[in-house]
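Observations on chain architecture
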Amino acid sequence: MLLLSALLELGAYCAGLTVQAKLGALGVMLMITVAVGVRARHKLLTAVAGFALVVLMLRPGA
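Rules behind the numbers
- Residues numbered from 1 in each chain as written.
- Predicted model: local features only at pLDDT ≥ 70, side-chain atom pairs only at ≥ 80, totals over all residues.
- Heavy atoms only, no water.
- Helix = DSSP H or I, 4+ residues; strand = E, 2+ residues; numbered from the N terminus.
- Expected span 1.5 Å × (residues − 1).
- Contact = heavy atoms within 4.5 Å.
- Axes fitted to C-alpha atoms, helices over the stretch in contact; angles between N-to-C directions.
- Parallel < 35°, antiparallel > 145°, perpendicular 65-115°, else oblique.
- Nonpolar A, V, L, I, M, F, W, Y, C, P; charged D, E, K, R; others polar.
- Buried < 20%, exposed > 50% of the residue type's maximum accessible area, 1.4 Å probe, protein only.

A few words now on unusual backbone geometry. Of note, R41 is a non-glycine position whose phi angle comes to about 55°, a positive value. On the secondary structure map, R41 appears in the loop between α2 (25-39) and α3 (43-57).

Written out as structure tokens, the structure is:
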């Protein structure tokens, strides 16, 4: 159980570094918005922020 938790946190840390390196502060803000939407069980907020994050991360040349 501890190993699973550690692996999930490592994955979240790596995802955060990747998003911050590519998008900067906007990426961090979108990740926080997704986390808040999930925690608050607000489906529309989570979906819109997640969609925006994916679209921005998939942009070529950014």
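Let us look at α3. Helix length check: α3, at 15 residues, gives a terminal C-alpha distance of 21 Å against a target of 21 Å (1.5 Å per residue), a fit within 8%. Looking at the buried side of α3, the elements it contacts are α1 (2-23) and α2.

At a minimum axis distance of 6 Å, the contact between α1 and α2 shows a crossing angle of 140°. Compared by their axis directions, α1 and α2 come out oblique. Facing A15, G16, V19, Q20 and L23 of α1, the residues of α2 in contact are A25, L26, G27, V28 and M31. For the contact of α1 with α2, the residue count by class is seven nonpolar, three polar and no charged.

It is worth spelling out the environment of L56 at this point. Inspection of the secondary structure puts L56 in helix α3. For L56, a relative accessible area of 19% gives the class buried. For L56, the contacting residues outside a window of four places in its chain are K22, L23, L26 and L30.

Interpretation in functional terms is not warranted from these geometric data alone.
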